[in-house]
Amino acid sequence: MSTLNITIDERLRLVTAVLAASNWPAEEQARLTHAVHPQAKQVRQFVQPFVSHPAVSGANEALLNGVDLADLFSAALRCTWPDFAPTSELPNVLKIKDWAHALADFARETSIVTLFWAQHTAVWQEAQAALAQIFSKGDLLAALGQLGDVADTAVTLMPNLVFPALSPVVATADNALALLLPPPKAVGESPPWPFDEDPGWVVASVAEQLIPSLLAADLAQLSADQQPIAIHLAAAHCLAALLDDFEAQAYLLRAKKANNLPQLPALFVQLQDEVAGGNGRALAQILQ
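The structure presented is a predicted model; accordingly, all values stated were derived computationally and were not measured.

A few words now on the pairing of strand 2 (residues 154-159). Counting buried residues along strand 2, 5 of its 6 residues qualify, which places the element largely inside the surrounding structure. In the sheet, strand 1 (residues 4-6) pairs with strand 2 via 3 bridges, with the strands oriented parallel. Looking across to strand 2, one finds that asparagine 5 is bridged to threonine 156.

Below, the structure written as structure tokens:
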């Protein structure tokens, strides 16, 4: 089984910088007013001279046409660094090959790796270390393996201190996926919290994002109504395995209220019983 690799991927980080120069930050604020990480502010200032670059105008055009951010990040993940030569089929998005070529040019013209990222190594290493510490307490993928058939996929988790600032993004490539996770949003308009301020949020968020891909075969056997329940139960199981039962129960309570799913606590008890009994397909066992 694959392991969870926590790292900084320069291809994906470059896309966050392109987004910083694009219309995305304004669109994000229009959806929900929020403070961003100081790194996001600094990156946005650094890339201001390049707002007319083809990589940025291409991103703006894609956003205007409703292209999902996951497709943009997936395109980068399916290319080499730093020349962005495709290594597999790119997402089916108009002009995506031209955009990938523009990413390489953006990296060259901005020299962001040497002129900016190299000066801000510490803040990224701190975020990476915080995530590594949280996931050192247990094996997330092994926990999911207790629930069903985990896809044989290389999994990367990357802290995202730039954009998007409010939502995780899952990028995919052949037999690989990468999750970009922003820090937890603080109350009101305060800057986001460090990852290690809320390990429960981190584990739950990562689990919720990875489960649809890693347990896809098991989820496909469930109805559309059952699938969200399965994801919540699996996320709670990960919380219990990596942190403690208190975090799992707190998560279940929030999910129950937010989604009107009063059956969650009882189903979780059944799930844990199935896992304790050694059933390797526990989710399917209780929901089918």
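Before going further, it helps to spend a moment on the packing of aromatic side chains. Enumeration over the complete set of coordinates arrives at 5 aromatic pairs. Considering the side-chain rings of phenylalanine 46 and phenylalanine 116, the 5.3 Å spacing of their centres and the 45 degrees angle between planes classify their relative orientation as tilted. Taken together, the residues span a long stretch of sequence, with phenylalanine 46 in helix 3 (residues 38-46) and phenylalanine 116 in the loop between helix 7 (112-115) and helix 8 (121-135) at a distance of 70 residues. For the pair tryptophan 117 and tryptophan 124, a centre-to-centre distance of 5.5 Å together with 90 degrees between the ring planes defines the contact as edge-to-face. For tryptophan 124, a relative accessible area of 2% puts it in the buried group. A connected cluster of aromatic rings, assembled from ring pairs, spans Phe46, Phe116, Trp117 and Trp124. In this arrangement the basic side chain of arginine 13 is found over the ring face of tryptophan 117, its NZ or CZ atom lying 4.2 Å from the centre.

With that settled, consider the pattern of salt bridges. Taken as a whole and assessed by the stated rule, the structure comprises 4 salt bridges. Between lysine 95 and glutamate 61 there is a salt bridge, and its shortest N-O distance comes to 3.3 Å. Taken together, the residues lysine 95 in the loop between helix 5 (69-77) and helix 6 (96-110) and glutamate 61 in helix 4 (residues 54-64) connect sequence positions 34 residues apart. Of the charged contacts in the structure, one is a salt bridge between aspartate 105 and arginine 108, with a shortest N-O distance of 3.6 Å. Highlighted residues: aspartate 105 and arginine 108, both in helix 6, separated by 3 residues, approximately one helical turn. With a relative accessible area of 22%, aspartate 105 lands in the partly exposed category. Looking at arginine 108, the relative accessible area reads 53%, which means it is exposed.

Turning to helix 13 (residues 245-259), a few remarks are in order. For helix 13, built from 15 residues, the straight-helix expectation of 21 Å at 1.5 Å per residue is met to within 8% by its first-to-last C-alpha distance of 21 Å. Along helix 13, the residues that are buried comprise Ala248, Tyr251, Leu252 and Ala255. Looking straight down helix 13, one finds that the buried residues subtend no more than 100 degrees of arc, so they occupy a single side. Relative to its buried face, helix 13 has exposed residues pointing more than 90 degrees away, namely Phe246 and Lys257.

A cis amide bond links tryptophan 81 to the next residue, proline 82, at an omega of 5 degrees. Position of proline 82 among the secondary structure elements: in the loop between helix 5 and helix 6. Residue proline 164 is bonded to the preceding phenylalanine 163 through a cis peptide linkage, with omega at 0 degrees. One can find proline 164 in the loop between strand 2 and strand 3 (169-173). Positive phi, normally seen in glycine, also occurs at serine 111, with a value near 50 degrees. Note on serine 111: relative accessible area 26%, which makes it partly exposed.

Parameters at a glance
Residues numbered from 1 in each chain as written. Predicted model: local features only at pLDDT ≥ 70, side-chain atom pairs only at ≥ 80, totals over all residues. Heavy atoms only, no water. Buried < 20%, exposed > 50% of the residue type's maximum accessible area, 1.4 Å probe, protein only. Helix = DSSP H or I, 4+ residues; strand = E, 2+ residues; numbered from the N terminus. Pairing = 2+ DSSP bridges. Phe/Tyr/Trp six-rings, centres within 6.5 Å; stacked < 30°, edge-to-face > 60°. Lys NZ or Arg CZ within 6 Å of the ring centre and 35° of its normal. Salt bridge = Lys/Arg side-chain N within 4 Å of Asp/Glu carboxyl O. Expected span 1.5 Å × (residues − 1). Arc of directions from axis to C-beta.

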